[in-house]
Amino acid sequence: REAHKDRTLVTSLRCRATDRVLHIVNCHLSGGAAPERRLRQVHDGLQQIQKYINALDLDLKKQLKFKRPSPKLIAKAEKTLDEYQSAGIIVAGDFNSDGNTAVRKLLVEGTVDPEWREPQYPQLVLTSKKRSHLFGGFVDAAELAYGGNVC
C-alpha cells in the first residue's frame, strides 16, 4: 500500500523472508516559518497508516457479517489486520526543523495540544485542535545514537 500526501509518501512494505509488515512515512516537510504545516504533514502521514488499519478492520467485520462466513477468508482478514496493527513504523526524511518542535512532540510524546507553542514561534497557533496518534512514542534515532537531543 502507498499514499502520497502533502510532502510525504506513506508506504507499507512486506518482507519476503519474514512476511512482516513495516510502515514508512518518508517526508520532506515544508521549510521556513511554517511549523503548523509541518505538524499537519506528519500528522496526516500517521493518519494514513491508521486509515489502512481501519479499512482492514472494516473488511474483517464485513467477513464476519456474511450469512455464510468463510473461515478461510476470516482467518486471512484477521491475520492481515494483526500484521498491520503490530507493524513497525519509521518516520524519516527532512523535517526542515530542529529542537523542540511540534513535529518532534507529536512523534515522541504522541500528542500536541492547541495551547502548545514552539519556542522559535511563541505567538503562532500550531493547531486549533489536539493532534495525536495511536502508535505510542517514537524513538528519536539521533538522540539514541548521540545520547541526547542533538539540536
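Just above sits the structure.
Every value quoted in this text rests on a predicted model; they were computed, and no experiment measured them. (Residues numbered from 1 in each chain as written. Predicted model: local features only at pLDDT ≥ 70, side-chain atom pairs only at ≥ 80, totals over all residues. Heavy atoms only, no water.)

## Concerning the overall build of the protein
And step 1. Assigned secondary structure in the protein consists of four helices and six strands.
And step 2. The secondary structure elements of the protein, listed N-terminal to C-terminal, are β-β-β-α-α-β-α-β-β-α.
And step 3. Classification of the 151 residues of the protein by burial places 36% in the buried group.
And step 4. Intrachain contacts of the protein at a sequence separation of at least 6 include 58% that bridge at least 24 residues.
And step 5. Counting only carbon and sulfur atoms, one obtains 52% of the accessible surface of the protein, whose full area is about 9200 Å².
And step 6. Between the centroid of the 24 positive side chains of the protein and the centroid of its 18 negative side chains there is a distance of 9 Å. (Helix = DSSP H or I, 4+ residues; strand = E, 2+ residues; numbered from the N terminus. Buried < 20%, exposed > 50% of the residue type's maximum accessible area, 1.4 Å probe, protein only. Contact = heavy atoms within 4.5 Å. Areas by Shrake-Rupley, 256 points an atom, 1.4 Å probe, with all protein chains shown as cover. Lys, Arg positive; Asp, Glu negative; His and termini not counted. Charge placed at Lys NZ, Arg CZ, Asp CG, Glu CD.)

## Focus: the pattern of salt bridges
And step 1. With the rule as written, the count across this model stands at 11 salt bridges.
And step 2. Lys 79 is paired through a salt bridge with Asp 19; the nearest N and O atoms lie 3.0 Å apart. With a gap of 60 residues between them, Lys 79 in helix H2 (residues 71-86) and Asp 19 in the loop between strand S2 (8-14) and strand S3 (21-28) connect regions that are remote in the sequence.
And step 3. Sharing partners across several salt bridges, the network here consists of Asp 6, Arg 37, Arg 40 and Asp 44. (Salt bridge = Lys/Arg side-chain N within 4 Å of Asp/Glu carboxyl O.)

## Topic: helix H3 (residues 102-109)
And step 1. The buried fraction of H3 amounts to six of the eight residues, a majority that puts the element mostly inside the structure.
And step 2. Looking only at H3, the buried set comprises Ala 102, Val 103, Arg 104, Lys 105, Leu 106 and Leu 107.
And step 3. Of the surrounding secondary structure, the elements contacted by the buried residues of H3 are helix H1 (35-65), strand S4 (88-94), strand S5 (111-112), strand S6 (131-132) and helix H4 (141-146).

## Brief notes about the packing of H1 against H3
And step 1. Running from N to C, H1 and H3 cross one another at 30°; their axes reach a closest spacing of 8 Å. When the interaxial angle is binned, H1 and H3 end up roughly parallel. Contacts between H1 and H3 involve Arg 38, Leu 39, Val 42, His 43 and Leu 46 on the former and, on the latter, Ala 102, Val 103, Leu 106 and Leu 107.
And step 2. Taken together, the residues of the contact of H1 with H3 break down into seven nonpolar, one polar and one charged. (Axes fitted to C-alpha atoms, helices over the stretch in contact; angles between N-to-C directions. Parallel < 35°, antiparallel > 145°, perpendicular 65-115°, else oblique. Nonpolar A, V, L, I, M, F, W, Y, C, P; charged D, E, K, R; others polar.)

## So, the packing of aromatic side chains
And step 1. This model, assessed by the stated rule, comprises zero aromatic pairs.
And step 2. Here the basic side chain of Arg 1 rests over the ring of Tyr 84, its NZ or CZ set 5.5 Å away from the ring centre. (Phe/Tyr/Trp six-rings, centres within 6.5 Å; stacked < 30°, edge-to-face > 60°. Lys NZ or Arg CZ within 6 Å of the ring centre and 35° of its normal.)

## Structural notes on the nonpolar core
And step 1. Counting 29 residues, the largest nonpolar core has Val 42, Leu 46, Val 91 and Leu 107 as its most contacted members.
And step 2. Broken down by secondary-structure element, the contributors of at least two residues to this core are S3, H1, H2, S4 and H3.
And step 3. Tallying contributions element by element places H1 first for this core, with eight residues.
And step 4. Setting aside anything within four residues of it in sequence, one finds Val 42 in contact with Leu 29, Val 103, Leu 106 and Leu 107. (Core = buried A, V, L, I, M, F, W, Y, C linked by side-chain atoms within 4.5 Å.)

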